[in-house]
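Residue strings, one per chain:
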Amino acid sequence: MNPKKFSTDTELEKLQRESFDYFLHEVNPDNGLILDKTAPNWPASIAATGLALAAYPIAVNRGFMSRTLAIERTLTTLRFFWNSPHGPEPDATGYKGFYYHFLDLQTGRRAFFSELSTVDTAFLLAGMLTARLYFDGQTPAEEQIRSLADKLYARTDWQWAQNEGDTVTHGWKPEIGFLPYRWEGYDEAMLLYILGLGSPTFPLSQSSYSAWTQSYEWKKFYGYEYLYAGSLFTHQLSHIWLDFRGIQDDYMRQKDSDYFENSRRATYVQQQYAIHNPKNFVGYSACCWGITATDGPGPKMLTIDGIERQFFDYVARSVPYGPDDGTIAPWTAITSLPFTPDIVLPMIEHCIYRLKLKKGNRYGFKSTFNLTYQEASNPTRGWVSPWHYGINQGPIILMIENYRTGFLWSLIRHCPYILNGLKRAGFTGGHLN
């Protein structure tokens, strides 16, 4: 297919390094906040910041940054969240232990009138707890990292976030109160529920988890039976920290499966959808797939080869029901590497050498591309997103590492809060024994 020899370990190391450079450079070093995306005047994202905190230990191990710098960055970030304005005021950083989805990169105050996000707070806290485990030295700085991570996690009032219901709400705004949506139906909120159940101060009730699993949908597509969620990222993000191989809750015991196997099947469904290509988009194939919530070339309607096509901007693209407009996200395919290396590695090779999607990019792959939406400037690549996103860069680094060494999974197994959360959710077997 191309004259170059694909060296798996070399390319994966390079992908990690390029992706990590985003966290090295797209940061406010005075508060540790990470830019959400590389657009002018854009705010920080608490989820991206949490992913950066989890990536610093890997960067130290891989030689991408010094331990000294990692400690400094981590401590700066934790101090900021502990000392920043915390209350019901509309321009605070957080409230009740939760934080606003977007924060001004310079001031750290709420941006875009965003919501106090329960799930993004979970990703932030998971990054903090990663730092708590990794920085285990007896220096004052590392001791303070552990102390602040404990206090920030303990401050989170998960019970308040239930708003007198069984499941957890999506969030809260000072102008309107709680959002009308709850975390129901299988999705990326697994990590949220495990962290909430494991809290030593304001824990979720066990009934909250059972209420969540009762909203699951078990489906069959292309010969695979699995717990359905349409966007691929929902089968990945909690797995960055949680190793579900061989452990089961009541739901998965009934299905004789586990959540790792479930993500494996969901990934194969993605590939099969691309092979079948029911809407005849350009480029979809066995080595070109990955449909998820991300940006795109729209919103726009175009007639291409006599077919009227609707293209979307940022939307939760989904398989097999859609929406789907021909937009592929390389990062979400790469993040499936621990589940299905047999189909992910050819996808990486295809994107690097055949489509040349990393060429000229400072941080590796950009968010998305669309070969159906042709642009004069890129006739062979179609449309390519102009942006890198922190929430895309982090999973690439972390899940490649879980594939290569299992480092983060092994580290998190020693987190007492997560162990408690898994056990309260009813998980047994495997490493929990």
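Cut-off values and rules
Residues numbered from 1 in each chain as written. Predicted model: local features only at pLDDT ≥ 70, side-chain atom pairs only at ≥ 80, totals over all residues. Heavy atoms only, no water. Helix = DSSP H or I, 4+ residues; strand = E, 2+ residues; numbered from the N terminus. Buried < 20%, exposed > 50% of the residue type's maximum accessible area, 1.4 Å probe, protein only. Core = buried A, V, L, I, M, F, W, Y, C linked by side-chain atoms within 4.5 Å. Disulfide = S-S within 2.5 Å. Contact = heavy atoms within 4.5 Å. Salt bridge = Lys/Arg side-chain N within 4 Å of Asp/Glu carboxyl O. Polar contact = N/O pair within 3.5 Å; in protein donor to acceptor, adjacent residues only side chain to side chain. Pairing = 2+ DSSP bridges.

### Let's talk about the environment of Ser84
Moving on, step 1. For Ser84, the position within the fold is in the loop between helix H3 (67–83) and strand S2 (94–95).
Moving on, step 2. Residue class for Ser84 comes out buried when judged on its relative accessible area of 9%.

### With respect to the nonpolar core
Moving on, step 1. One finds Phe20, Phe81, Met190, Tyr209, Trp241, Tyr259 and Phe427 to be the most contacted residues of the largest nonpolar core, which totals 144 residues.
Moving on, step 2. Sorting elements by how many residues they give to this core places helix H2 (residues 46–62) first, with 12 residues.

### With respect to the state of the cysteines
Moving on, step 1. By the definition in use, this model includes zero disulfides.
Moving on, step 2. You can see Cys287 has no disulfide; the closest cysteine sulfur is in Cys288, sitting 6.7 Å from it.
Moving on, step 3. Judged by relative accessible area, Cys287 falls into the partly exposed class, the value being 21%.
Moving on, step 4. As a non-bridged cysteine, Cys288 has Cys351 as the owner of its nearest cysteine sulfur, 5.7 Å distant.

### Notes on the environment of Cys287
Moving on, step 1. With respect to the helices and strands, Cys287 occurs in the loop between helix H10 (259–276) and strand S10 (293–294).
Moving on, step 2. Considered as a pair, Cys287 and Val344 are 57 residues apart in the sequence and their alpha carbons are 7.7 Å apart.
Moving on, step 3. Every residue in contact with Cys287, bar those within four places of it in the chain, is listed here: Pro346, Met347 and His350.

### A look at the pattern of salt bridges
Moving on, step 1. By the definition in use, this model includes 17 salt bridges.
Moving on, step 2. The salt bridge partner of Arg404 is Asp9, with a shortest N-O separation of 2.8 Å. A residue pair is termed long-range when its members are at least 10 positions apart, and Arg404 in helix H13 (residues 390–404) and Asp9 in helix H1 (residues 8–25) qualify at 395 residues.
Moving on, step 3. Residue classification places Asp9 among the partly exposed residues on the basis of a relative accessible area of 48%.

### Here we look at the side chain of Lys358
Moving on, step 1. Among the structural elements, Lys358 can be located in the loop between helix H12 (341–354) and strand S15 (369–370).
Moving on, step 2. A polar contact is formed between the side chain of Lys358 and the side chain of Glu18, at a distance of 2.9 Å.
Moving on, step 3. Setting aside residues no more than four positions away along its own chain, Lys358 makes contact with Glu11, Lys14, Leu15, Glu18, Ile352, Gly364 and Phe365.

### Quick notes on the environment of Asp30
Moving on, step 1. When you line up the elements, Asp30 lands in the loop between H1 and strand S1 (44–45).
Moving on, step 2. A relative accessible area of 69% means that Asp30 is categorised as exposed.
Moving on, step 3. Distance from Asp30 to Gln106, taken between C-alpha atoms, is 8.3 Å for residues 76 residues apart in sequence.

### Considerations on the sheet that holds S15
Moving on, step 1. Across the sheet, three strands lie side by side as S14-S15-S16; this open sheet has antiparallel pairing. Pairing within the sheet leaves two strands with one partner each, and these edge strands are strand S14 (327–328) and strand S16 (383–384).
Moving on, step 2. Pairing of S15 with S16 involves two bridges; the strand directions are antiparallel. Among the inter-strand pairings, Asn370 is bridged to a residue of S16, identified as Trp383.

### Brief notes about the sheet that holds strand S7 (residues 177–178)
Moving on, step 1. The five strands lie next to each other as S2-S3-S5-S6-S7, forming an open sheet whose pairing is antiparallel. Strands with a single pairing partner mark the edges of an open sheet, and in this sheet they are S2 and S7.
Moving on, step 2. Pairing geometry for S2 and strand S3 (residues 98–100), over two bridges, is antiparallel. Across the sheet, residue Gly94 finds its bridge partner in S3, namely Tyr99.

Honestly, that's just the spatial picture; any functional story needs more than this.
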